[in-house]
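Structural description and commentary
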Amino acid sequence: MKKGKRIAILTGGGDCPGINAVIRAVTKKAILEYDMEVIGILDGYDGAIKNRHRKLEYDDVSGILTLGGTILHTSKTANPYRYAVKKGGKIIFEDVSKAAINNLKKLDIDCLVCIGGDGTLYIANRLFEDGIPVVGVPKTIDNDIRGTDITFGFDSAVYIATEGIDRIHSTAQALHRVMIVEVMGHQAGWIALHSGIAGGGDIILIPEIPFDMEIIANKVKERNKKGKRFSIVVVAEGAKPKGGDVVIQRIVKQSSDPIRLGGVGFVLGAEIEKLSGIETRTVVMGHLQRGGSPTPFDRVLATRLGTRALDLILNKEFGYMVAVKGNSLGKVSLKEVAKGPRTIPADEPLIEVARSVGTCFGN
Ligand code: F6P
């Protein structure tokens, strides 16, 4: 029998800068202040399904604060309630949640800490409803988790995207071109909005505001007339034209959320060039936005969220996600989080701020 409390940590979905900082915070506080045992589940929910895990000692999490990725690894496809298996050359989905739940119960844990985005936290809520004590931590570069003002990973992605936009400026100016920078964000425009404002984008296109090609082309031409012979367009991968659809890069059949967006920047570039007559190039920031070391802001946020997750565990406040509310931390039920992603609301003040400095949203 175990002596004190034992907890497990799992990281699910896409990686992002700051995950290791959360693992470190949870584990250090658990060991240093409460003498708990900490187990790391490997490869996200895949490790729960296949019973793969390892003990996390203090030394395992020492020195990982600044590391990108996740020392526990992760999976974007393993969903215990809809697990992809190949049968007869075809992919079919099976409910293997009973096996995952049994494996987790056998670990005799007091709580499972799920660090993840909306997909991972949706599954975390189902596990909680099925009897596993769970606490969630909001992770994603997309910043699209319901119930929290911000997620860790977002600031790092915005920093990288902004650096990209800054670098594009000089070449756009030198060659009198339109340069398009496509950023990630899934169905939300948070990265595009923030990096677009930070990088001084002339046009920012987000999924929440469908764009009109004529308006974009006119903006570019009008800038040219005024002597600004270049333009910077920041486009979210999920942006779409009025009455049109998103550009899909690939379908990952074995994933519960199979659509991978990407490529709208190239479609847009061809159209802008055709309508404006100005040479246009596209750069896709892609996975660079998810890689590398977290910003100082994300390191601090991840440490705050990780240590607060421990408080929820000690108070037996299961079925909740730690959340940022203004300057302080709070909690929100996983049931609320599971309702779906948080996109940019129509009355988002930053949209007004950007418009007032002349930014065009393509509408
Ligand atoms: O959710 C994080 C994210 O990076 C999204 O911004 C993007 O749409 C998606 O993941 C990319 O997924 P993948 O890593 O499977 O290409």
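Residues numbered from 1 in each chain as written. Predicted model: local features only at pLDDT ≥ 70, side-chain atom pairs only at ≥ 80, totals over all residues. Heavy atoms only, no water.

1. Description of the sheet that holds strand β8 (residues 178-183)
Taken together, the four strands give an open sheet; going across it, the order is β9-β10-β8-β13, and neighbouring strands pair in parallel fashion. The open sheet has two edge strands, β9 (203-205) and β13 (280-284), and neither has a second partner. Averaged over neighbouring strand pairs, the angle between their axes works out to 20° when direction is ignored. As judged from the six bridges shared by β8 and strand β10 (residues 231-236), these two strands associate in the parallel manner. Looking across to β10, one finds that Glu182 is bridged to Val235. (Pairing = 2+ DSSP bridges. Helix = DSSP H or I, 4+ residues; strand = E, 2+ residues; numbered from the N terminus. Axes fitted to C-alpha atoms, helices over the stretch in contact; angles between N-to-C directions.)

2. Some points on the packing of aromatic side chains
Think of a pair of aromatic rings as described by two things: how far the centres are apart, and how the planes are tilted against each other in angle. Here the structure, examined in full by the defined rule, presents zero aromatic pairs. Positioned above the aromatic ring of Tyr320 is the side chain of Lys331, whose terminal nitrogen or guanidinium carbon lies 4.9 Å from the ring centre. (Phe/Tyr/Trp six-rings, centres within 6.5 Å; stacked < 30°, edge-to-face > 60°. Lys NZ or Arg CZ within 6 Å of the ring centre and 35° of its normal.)

3. Describing the site of the ligand
As a structural note, the neighbourhood of the ligand is formed by Lys76, Ile141, Asp142, Met184, Gly185, His186, Glu237, Arg260, His287 and Arg290. Within the side chain of His287, an N or O atom sits 2.9 Å from an oxygen atom of the ligand. One of the side-chain nitrogen or oxygen atoms of Arg290 is found 2.8 Å away from an oxygen atom of the ligand. Contact with the protein chains removes 81% of the 400 Å² of surface that the ligand exposes when unbound. For the shell around the ligand, the per-class residue count stands at two nonpolar, three polar and five charged. (Near = heavy atom within 4 Å. Polar contact = N/O pair within 3.5 Å; in protein donor to acceptor, adjacent residues only side chain to side chain. Areas by Shrake-Rupley, 256 points an atom, 1.4 Å probe, with all protein chains shown as cover. Nonpolar A, V, L, I, M, F, W, Y, C, P; charged D, E, K, R; others polar.)

4. Things to note about helix α9 (residues 264-276)
Three- or four-residue spacings in an α-helix give side chains the same orientation, since the helix completes a turn every 3.6 residues. Between its first and last C-alpha atoms α9 spans 18 Å; for 13 residues at 1.5 Å apiece the expected length is 18 Å, and the two agree. For α9, the full list of buried residues reads Val264, Gly265, Leu268, Gly269, Ile272 and Ser276. The arc that holds every buried residue of α9, seen down its axis, measures 130°, which confines them to one face. Seen from the buried face of α9, the exposed residues on the opposite side, beyond 90 degrees, are Phe266, Ala270 and Lys274. (Expected span 1.5 Å × (residues − 1). Buried < 20%, exposed > 50% of the residue type's maximum accessible area, 1.4 Å probe, protein only. Arc of directions from axis to C-beta.)

5. Digging into the sheet that holds strand β6 (residues 111-116)
Pairing is mixed across the open sheet formed by seven strands, whose spatial order is β3-β2-β1-β6-β7-β14-β15. Where the open sheet ends on each side, the last strands, each with one partner, are β3 (53-56) and β15 (328-333). Looking at each pair of strands side by side, their axes are set apart by 30° on average, direction ignored. In this structure, strand β2 (residues 37-41) lies alongside β3, joined through four bridges in antiparallel fashion. By the bridge assignment for β3, Ile39 is matched with Lys55. Packing of helix α1 (residues 19-34) onto the sheet brings it into contact with β1 (6-11), β2, β3, β6 and β7 (134-138), and relative to β1 it is tilted by some 180°. (Contact = heavy atoms within 4.5 Å.)

6. What about the nonpolar core?
Counting 65 residues, the largest nonpolar core has Ile7, Ile9, Ile23, Ile115, Val137 and Phe152 as the members making the most contacts within it. Sort the elements by how many residues they give to this core and helix α6 (residues 154-175) lands first, with eight residues. There are two domains that each give this core at least three residues, and those are domain 1 (6-152 + 294-337) and domain 2 (156-291). Other than its neighbours up to four places away in sequence, Ile23 contacts Ile9, Thr11, Leu56, Val61, Thr70, Ile71, Leu72 and Ile115. Ile39, Ile101, Ile109 and Leu112 belong to the second-largest nonpolar core, a separate cluster that totals 30 residues. (Core = buried A, V, L, I, M, F, W, Y, C linked by side-chain atoms within 4.5 Å. Domains from an automatic or database assignment.)

7. Focus on the domain arrangement of the protein
You can read the domains of the protein as domain 1 (6-152 + 294-337) and domain 2 (156-291). Its C-alpha centre places domain 1 at a distance of 32 Å from the equivalent point of domain 2. If you look at the interface, domain 1 gives 18 residues, while domain 2 gives 19 residues. In this assembly, domain 1 packs against domain 2 so that about 1,500 Å² is buried in total across both faces, 52% of it on carbon and sulfur atoms. There are one salt bridge connecting domain 1 and domain 2. (Buried area = accessible area lost by both parts, 1.4 Å probe. Salt bridge = Lys/Arg side-chain N within 4 Å of Asp/Glu carboxyl O.)

8. Concerning the pairing of β7
In terms of residue burial, β7 counts as a mostly covered element, since five of its five residues are buried. Side chains Val134, Gly136 and Pro138 of β7 all project onto a buried face; the interleaved residues Val135 and Val137 project onto the opposite face, where all are buried too. When β6 meets β7, the two strands line up parallel, connected through five bridges. Among the inter-strand pairings, Cys114 is bridged to a residue of β7, identified as Gly136. With respect to chirality, the unit in which β6 leads through helix α5 (residues 118-129) into the neighbouring parallel β7 is right-handed. The sheet contact formed by β7 and strand β14 (residues 320-325) spans two bridges and is parallel. Its bridge partner being in β14, Gly136 is matched across the sheet by Met321. (Right-handed = clockwise from strand over helix to strand, strands pointing away.)

9. Here we look at α5
Compared with an ideal rise of 1.5 Å per residue, which puts twelve residues at 16 Å, α5 spans 16 Å between its outermost C-alpha atoms and is within 8% of the ideal. Inspection of α5 places Thr120, Leu121, Ile123, Ala124, Asn125 and Leu127 among the buried residues, and these make up the whole buried set. Remark: Gly131 follows α5 within two positions and exhibits a positive phi of approximately 105°.

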